[in-house]
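Working through the structure, step by step
Below are the chains, spelled out letter by letter.
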Amino acid sequence: IRERRCVGKTWPQWWDVLGRDLGAPIAGADPEAASEPETKGKAADQPGTQCNKSVVVIGMRGVGKTSLGRFAARELGLEFVDLDEHLEKDVGKTIPEIVNGSGWATFRQHESRLLAQVLNETHPTGALVVCGGGVVEEEVNRKVLQQYMASGASVVCLKPNMQHVAAYLNRDKTRPAYAITSDINDVYARRLPLYAECCNYEYLVDKALLSMTDEDDHPGAWAVIERDFARLLRFATGRDLNRVDIEHPSFFVSLTTPDVREYLPSKLDCVTAGAHAIELRVDLLLRAADFIDADFGDQGVEDAFVHYVHRQFTMLRHFSRLPVVFTVRTAPQGGAFPADADSLRLRLLHSAVQWSAEYVDVEVDNAAPALFAARRNSLVIASYHDTTGTKLRWGAAECEFANEILARARSCGDIAKLISVANSWEDNLDCMRFIQRNHSVAAPLIALNMGYVGQLSRVLCPCLTPVTHPLLTTAAAPGQISVAQINQARALAGLMPSKRFFLFGTPVQQSPSPAMHNAGFAAVGLPHSYGLKETAAVDDQIAATIQAVDFGGASVTIPHKQAIIPLLDSLTPAAQRIGAVNTVIPVESATGGQRSLLGDNTDYLGIVDSLRQKRVDFDQEAALPDFASSSALVIGAGGTSRAALYALHTLGVRSVVIFNRTLARAEELVEEFAELFDSLAAVPQLEDAAK
């Protein structure tokens, strides 16, 4: 009963009957990790379970495996293992010495022995293992990597910009030249299918993607590539799945462009304002000049298009943290992808999983079960579009086909998506009732009607509603409306009561917060307001405000960040460790009971993001600062200084000095936070920090 798909095979409506008819409270949750040992295929069978298997990185020499691997290992708290360095230490010779003295065959034998040893004996868990570029040349190594993937581990192949790799190899003389050919492109062409056999994730490493915008150059491109590589590994290992909260109304904006650079970098934030995800309409990428009349019977053309799509996907990753909905909509289902290019469509859908797309939209057809079985941590949206509105009917007396399609969608998808056309306004009410009968957090359903008459159904859709934006040249479907329009309609219909938000503290009269937040509310059509509540102390006035029915939340500034804690019901782990709160969030009860007040601290996140952004902005020709080997100075000993210490700990800084005009308060922080650092000290004079 813990596995929804198993229950759904025998009783597709079970969860709805359980919640609606039997009145049982239902809340969505990923299955807990099983207590038995890892078994073959487990990662695919239980998507979302965190995996502690070591991560393996493969790819061409010069693509950046060592640099990216070291960074990601620090970010994820993994031990870094460079197989080439490990081999040199084990044999007692450098790789050039081994190759020149005993030949490539001897080197490969050592490599095969140590690969199996590292993955199966010395580092099967808790490590990030970087392999040499030619590790896939030997069949025995390929089998080891394939068996390791089958156990649930992640093997990531770094896909290169070969011009960059060639330039690097011309400078790097620490490794011997390739034995078979001097043409690096020939070597890559030979290895490419071998890499594909041995990996279940791919990451495109191309600094040029960060300069293919309105800007001539992007300083700190490598820091962006590092950041997003760590993001892929967090997703692959289940540490951060970056999923949308299905319990509340949510939206994804559909990009209708043959080239996402049209919106990069300046327009993307505006286009995605209020959205919770971005849909990459891969079928619309066919309109790019290079592919609009392409012959996809040519393997070279197909390969070029897949690479183009990978570049488009990677650019979205570099410029947005939002999850991606990867969609290849065929012409019969209202899209632009040729119905007879099925092999290419399937290749793209499976590639989306390899590229770590959070959501993959697949049409309910014979291909869907295979993708569902291979989805790993991606979620599959199983979709069906009736572009006439004659087959997919919602009414209780005519929904037999809709029920059948829903059952099929749930057998091969994590989220069902059923789209029809409204032939009358009443079709929207029928759609709403169909959703009420069939949607739950445990079994999500996207259901709506296309067309102008069907716009109300978009307002009533419970989750992951596709939306457009005025800056987009065209909508992805007839009747598609914006986030602001949906929010405004929901507010007018009484589905979104207005809330009041506040800034607590003193002095706050000069704060720009009301102007910023109210402008944000207006931009996305929210009916809320943000105002100031200035008090000298956390008094009865604040206590009454946070208990009001229309209280939506509050920002907390000095001097109340610690004084407000007794009024709250709980704290996030970060706020608890920091000992200060800057955000108050009312949390509704899942069972409809009394809401609670949660205290959070986002100061540390702002500090972390600012420091990481400095790495991105850093001169890319200079050496990027390494947080783990850096020291830091914190000036002050109040609530924000507490957050700064936690932020430095989060970044991996090990040595910190605190200066405060009252030394005793700084020393109190040293005592409280000492366990987080190798060295934490308070200094009486600012000049002493440099010592």
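Refer to the preceding data block for the structure.
So, how was this worked out
Residues numbered from 1 in each chain as written. Predicted model: local features only at pLDDT ≥ 70, side-chain atom pairs only at ≥ 80, totals over all residues. Heavy atoms only, no water. Helix = DSSP H or I, 4+ residues; strand = E, 2+ residues; numbered from the N terminus. Buried < 20%, exposed > 50% of the residue type's maximum accessible area, 1.4 Å probe, protein only. Contact = heavy atoms within 4.5 Å. Areas by Shrake-Rupley, 256 points an atom, 1.4 Å probe, with all protein chains shown as cover. Pairing = 2+ DSSP bridges. Axes fitted to C-alpha atoms, helices over the stretch in contact; angles between N-to-C directions. Salt bridge = Lys/Arg side-chain N within 4 Å of Asp/Glu carboxyl O. Patch = residues over 30% accessible without salt bridge, like charges linked within 9 Å, V, L, I, M, F, W, Y side chains within 5 Å. Parallel < 35°, antiparallel > 145°, perpendicular 65-115°, else oblique. Nonpolar A, V, L, I, M, F, W, Y, C, P; charged D, E, K, R; others polar. Phe/Tyr/Trp six-rings, centres within 6.5 Å; stacked < 30°, edge-to-face > 60°. Lys NZ or Arg CZ within 6 Å of the ring centre and 35° of its normal.

**Some thoughts on the overall build of the protein chain**
A tally of regular secondary structure across the protein chain gives 25 helices and 22 strands. Within the protein chain, the fraction of its 691 residues that count as buried is 52%. Partitioning the contacts of the protein chain with sequence separation of at least 6, the portion at a separation of at least 24 is 72%. As presented, the protein chain carries roughly 30,500 Å² of accessible surface, and 52% of it is formed by carbon and sulfur atoms.

**Focus: the sheet that holds strand β9 (residues 359–363)**
The eight strands are arranged β12-β11-β10-β9-β8-β7-β6-β13 in an open sheet whose pairing can be described as parallel. Only two strands of the sheet have a single neighbouring strand rather than two, namely β12 (445–450) and β13 (465–467). Each strand axis lies, on average, 25° off the axis of its neighbour in the sheet, ignoring direction. As defined by bridge partners, strand β6 (residues 251–255) adjoins β13 across three bridges and the pair is classed as parallel. Each residue of the ladder has a partner; that of V253, found in β13, is V467. Against the sheet, helix α13 (residues 299–319) contacts β6, β7 (277–281) and β8 (324–327), and its axis sits at roughly 165° relative to β8.

**Regarding the pattern of salt bridges**
Taken as a whole and assessed by the stated rule, the structure comprises 33 salt bridges. Two residues, R113 and D90, come together in a salt bridge whose shortest N-O distance is 2.9 Å. Of the two residues, R113 is situated in helix α7 (residues 104–122) and D90 in helix α5 (residues 83–91); the sequence distance between them amounts to 23 residues. Take R113: its relative accessible area is 37%, and that puts it in the partly exposed class. Notably, a salt bridge pairs E137 with R191, separated by 2.8 Å at the nearest N-O pair. Of this pair, E137 sits in the loop between β3 (127–130) and α8 (139–150) while R191 sits in helix α10 (residues 184–197), placing them 54 residues apart in sequence. When its relative accessible area of 3% is taken as the criterion, R191 is described as buried. Through salt bridges with shared partners, a single ionic network connects R329, D361, E363 and K417.

**Observations concerning the sheet that holds strand β20 (residues 631–635)**
Taken together, the three strands give an open sheet; going across it, the order is β20-β21-β22, and neighbouring strands pair in parallel fashion. In the strand order of this sheet, the two ends are held by β20 and β22 (679–683), each with one partner. Sheet twist, expressed as the average angle between the axes of neighbouring strands with direction ignored, equals 20°. Helix α24 (residues 639–651) contacts β20, β21 (655–659) and β22 of the sheet and is inclined by roughly 170° relative to β20. In this fold helix α25 (residues 663–673) packs onto β21 and β22, with an angle of close to 170° to the strand it touches most, β22.

**A look at a nonpolar patch on the surface**
Together, W425, Y452 and V453 line one region of the surface with nonpolar side chains, adding up to about 370 Å² of accessible area. Locating V453 in the fold gives a position in the loop between β12 and α18 (455–460). What makes V453 partly exposed here is its relative accessible area of 34%.

**Remarks on the packing of α5 against α7**
Helix packing geometry: the angle between the two helix axes and the distance between the axes. Running from amino to carboxyl end, α5 crosses α7 at an angle of 110°, the nearest separation of the two axes being 10 Å. Classed by the angle they form, the pair α5 and α7 counts as roughly perpendicular. Packed against α5, whose contacting residues are L83, D84, H86, L87, D90 and V91, the element α7 presents F107, H110, E111, R113, L114, L115, Q117 and V118 at the interface. Here the contact of α5 with α7 is composed, by residue class, of seven nonpolar, three polar and four charged.

**A closer look at the packing of aromatic side chains**
Applying the stated criterion to the full structure yields twelve aromatic pairs. Note on F501 and F521: the rings are 5.4 Å apart at their centroids and 45° apart in plane angle, and the pair reads as tilted. Taken together, the residues F501 in strand β14 (residues 500–505) and F521 in helix α20 (residues 513–523) connect sequence positions 20 residues apart. Since its relative accessible area comes to 11%, F521 is described here as buried. Taken together, F291, F296, F305 and Y308 form an aromatic cluster joined through their ring pairs. The ring of Y201 carries R376 above its face, with NZ or CZ at 5.1 Å from the centroid.

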